[in-house]
Amino acid sequence: MRKRLRVITLGCSKNTVDTEHLLAQLPADAFEIVDGDEPVDSLLLNTCGFIGDAKEESVNAILAAVEAKKRGEAGEIVVFGCLSQRYPDELRAEIPEVDAWYGARDLTPLLRHFGVVPGPFVKRRLSEAKGYAYLKISEGCDRRCSYCAIPLIRGAHRSVPMEKLVAEAESLVLRGVRELILIAQDTTYYGLDLYHRRALGELIGRLSAIPGLVWIRIHYSYPEGFPEDVLEAMANNPKVCKYLDIPLQHIADPVLERMRRHVDGAWTRALIARLRREVPGVALRTTLIVGHPGETPEAFEELLDFVREARFERLGAFMYSEEEGTWGAEHFADDVPPATKQERLDTLMELQREISLSCNQARVGTEALVMVDGFTAEHVAVCRSEFESPEVDGEILVSGVAPSVQVGDMIRVRIVVAEEYDLVAQAI
């Protein structure tokens, strides 16, 4: 009898990769992975503990699992990931119904819990059939930004050896993956520990040599020390998307200093101008924090002015969440009222909505190569171009797609309608 196992993954794409590595280690003749709601022998939760909302979501998921266990729908509950890495003792005391707790760094002990002797973490059991997959190139972070708990949870920066990443990428491409999205806590830091140099550009070069791989997308790039050869790859390598996810967090010097970001506003503006100049047509995605301790009305107005100037094609924003154990929580009072944080977030996102619509309108009438991510009930293809990343950006909804087109296929389209975040197109 195979053991029936259901896995619930919360949080970011890095957690998704951890789950996929874990599931690939489980022998198919001993485990059946169950996706529905039917009873299982083990219910496994991969949790997030980054900020308040994510922690609340993870705790609620654990409590829901406890209720399922009480109803006889799960034989055991096993929790791992960032939340249990950060609060192991508190969780054990508060939720004793959970049978086993493991942290984000405990994949090997977790496999042993299931009676599996771990092998090399190269193979993946993809969560669903898509044309893209995430490739986690490093773990942990050495940056120590004042607001961030990731180093407390994930530990110091550790690059994955290049040979292992290439082997993993080749395996993914053989299974139909055409786009690799490079992720880490900081992708531009890749290689400093193993090779004593920034090696992201070299890694990109080796990945782009894989036959069948169409796109390489870069996420989570720290602005300080951005590698020159990565800029060159974005400009000249046809497999590297003209797209960059580069979280900037703020622009006002006093706030950046309190955040311990090691750059100032003038440096940041110069970097954005350089990216626009050296990679013509690049789509930039950034993340900003409002309501950080010490963010005055003047600092917030400077942030709005910067967003107007930079005209980011993609932008996400969060309200500051004080996280215990971080440098900021120990040194600064959380002095911006919640209502003010919410007001600033709403104002910023309304501004970005207008910018996003304007950027989309400029694309009407143009043609694009897109990847098919799925279909609506009316057989409208849900797609993306090199300028959209899955799950976080808008979509291109394409009509007139041939019945033979499948998820993961690449097709050419003409954009005909612009909405605030999505685009409408016709297949060519």
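Right above here is the structure, for reference.
Here the structure is a predicted model, which is why all the values come from computation and not from measurement.

What counts as what
Residues numbered from 1 in each chain as written. Predicted model: local features only at pLDDT ≥ 70, side-chain atom pairs only at ≥ 80, totals over all residues. Heavy atoms only, no water. Disulfide = S-S within 2.5 Å. Buried < 20%, exposed > 50% of the residue type's maximum accessible area, 1.4 Å probe, protein only. Salt bridge = Lys/Arg side-chain N within 4 Å of Asp/Glu carboxyl O. Helix = DSSP H or I, 4+ residues; strand = E, 2+ residues; numbered from the N terminus. Expected span 1.5 Å × (residues − 1). Phe/Tyr/Trp six-rings, centres within 6.5 Å; stacked < 30°, edge-to-face > 60°. Lys NZ or Arg CZ within 6 Å of the ring centre and 35° of its normal. Pairing = 2+ DSSP bridges. Axes fitted to C-alpha atoms, helices over the stretch in contact; angles between N-to-C directions. Lys, Arg positive; Asp, Glu negative; His and termini not counted. Contact = heavy atoms within 4.5 Å. Left-handed = near helix turned anticlockwise from the far one by under 90°. Nonpolar A, V, L, I, M, F, W, Y, C, P; charged D, E, K, R; others polar.

Q: What should I look at first to understand the state of the cysteines in this one?
A: Such a bond, covalent and formed between the sulfur atoms of two cysteines, is termed a disulfide. Under the counting rule described, the total for this entry stands at zero disulfides. As a non-bridged cysteine, Cys359 has Cys241 as the owner of its nearest cysteine sulfur, 18 Å distant. Accessibility expressed as a relative area gives 17% for Cys359, which makes it buried. The cysteine Cys383 is free of any disulfide, with Cys241 supplying the nearest cysteine sulfur at 15 Å.

Q: I keep staring at the pattern of salt bridges and nothing clicks. Help me out?
A: Under the counting rule described, the total for this entry stands at 41 salt bridges. In this structure, the salt-bridge partner of Arg154 is Asp18, at a minimum N-O distance of 3.0 Å. With a gap of 136 residues between them, Arg154 in helix H6 (residues 150–154) and Asp18 in helix H1 (residues 13–24) connect regions that are remote in the sequence. Just as Arg154 is buried, Asp18 falls in that class too. Across the pair Glu388 and Arg363 runs a salt bridge, and its minimum N-O distance is 2.6 Å. Of this pair, Glu388 sits in the loop between strand S15 (381–384) and strand S16 (396–399) while Arg363 sits in the loop between helix H15 (338–361) and strand S14 (367–375), and the two are 25 residues apart along the sequence. Each of Asp245, Arg285, Arg314, Arg363, Glu388 and Asp393 takes part in one network of salt bridges that share partners.

Q: I would appreciate a short explanation of H1 in the present structure.
A: An α-helix turns once every 3.6 residues. As a result, residues three or four positions apart point the same way. Taking 1.5 Å of rise per residue, twelve residues should cover 16 Å, and H1 covers 17 Å from first to last C-alpha, within 8% of that figure. Counting buried positions along H1 yields ten of twelve residues, so the element is predominantly enclosed. Listing the buried residues of H1 in full gives Ser13, Lys14, Asn15, Val17, Asp18, Thr19, Glu20, His21, Leu22 and Leu23.

Q: Mind showing me how you'd approach the packing of aromatic side chains here?
A: A full pass over the atoms with the stated rule returns five aromatic pairs. A ring pair is formed by Phe31 and Phe114, whose centres lie 6.0 Å apart and whose planes are at 90 degrees; its orientation type is edge-to-face. Residue Phe31 is located in strand S2 (residues 31–33), and its partner Phe114 is located in the loop between helix H5 (107–113) and strand S6 (132–136); the two are separated by 83 residues in the primary sequence. Using a relative accessible area of 8% as the deciding quantity, one classes Phe114 as buried. Here the aromatic rings of Tyr132 and Tyr134 are separated by 6.0 Å at their centres, their planes lie at 85 degrees, and the arrangement is edge-to-face. Here the guanidinium or amino end of Lys14 rests over the ring plane of Tyr220, the centre of that ring lying 4.0 Å away.

Q: Explain the pairing of strand S9 (residues 179–183) here, please?
A: Across a regular strand the side chains alternate sides, sitting on one face of the sheet and then on the other. Burial analysis of S9 places five of its five residues in the buried class, which makes it a mostly covered element. Residue alternation in S9 divides its side chains into two sets, Glu179, Ile181 and Ile183 and Leu180 and Leu182, and both sets are buried. Of the strand pairs in this sheet, S6 and S9 are connected by five bridges, and their pairing is parallel. Among the inter-strand pairings, Tyr134 is bridged to a residue of S9, identified as Ile181. The sheet contact formed by S9 and strand S10 (residues 215–218) spans four bridges and is parallel. Looking at S10, one finds that Leu180 is bridged to Ile216.

Q: Help me understand the sheet that holds S15, please; the structure alone is not making it clear to me.
A: Each strand in a sheet pairs with another by means of backbone hydrogen bonds, the pair being arranged parallel or else antiparallel. Around the barrel, which closes on itself, the five strands sit in the order S14-S15-S16-S18-S17 with mixed pairing between neighbours. Shown here is a sheet whose adjacent strand axes are inclined to one another by a mean of 50 degrees, direction ignored. Bridge count for S15 against S16 is three bridges, and the pairing is antiparallel. Within the sheet, the bridge partner assigned to Ala381 lies in S16 and is Val398.

Q: Just checking my understanding: could you explain the environment of Val59 for this structure?
A: With respect to the helices and strands, the residue Val59 is situated in helix H2 (residues 52–70). Classification of Val59 as partly exposed rests on a relative accessible area of 26%. The spacing of Val59 and Ile95 is 36 residues in sequence and 9.5 Å in space, taken between C-alpha atoms.

Q: Help me understand the side chain of Arg261, please; the structure alone is not making it clear to me.
A: Mapping Arg261 onto the fold places it in the loop between helix H11 (253–259) and helix H12 (265–278). For Arg261, which is buried and forms no salt bridge, the nearest opposite charge comes from Asp186, at a distance of 8.0 Å. Sequence-distant contacts of Arg261, defined by excluding residues within four places in its chain, comprise Cys145, Tyr147, Tyr222, Pro223, Pro247, Leu248, Gln249 and Leu256.

Q: In this structure, what is going on with the packing of helix H7 (residues 162–174) against helix H9 (residues 200–208)? I would like to understand it.
A: Two quantities define a packed helix pair, namely the angle between the helix axes and the distance between the axes. For the pair H7 and H9, interaxial distance at closest approach is 10 Å and the crossing angle is 35 degrees. Along this stretch, H7 crosses H9, giving a crossing that reads as right-handed. Across the interface between the two elements, Met162, Glu163, Leu165, Val166 and Ala169 from H7 touch Glu202, Leu203, Arg206 and Leu207 from H9. Of the residues assigned to the contact of H7 with H9, the class counts are six nonpolar, no polar and three charged.

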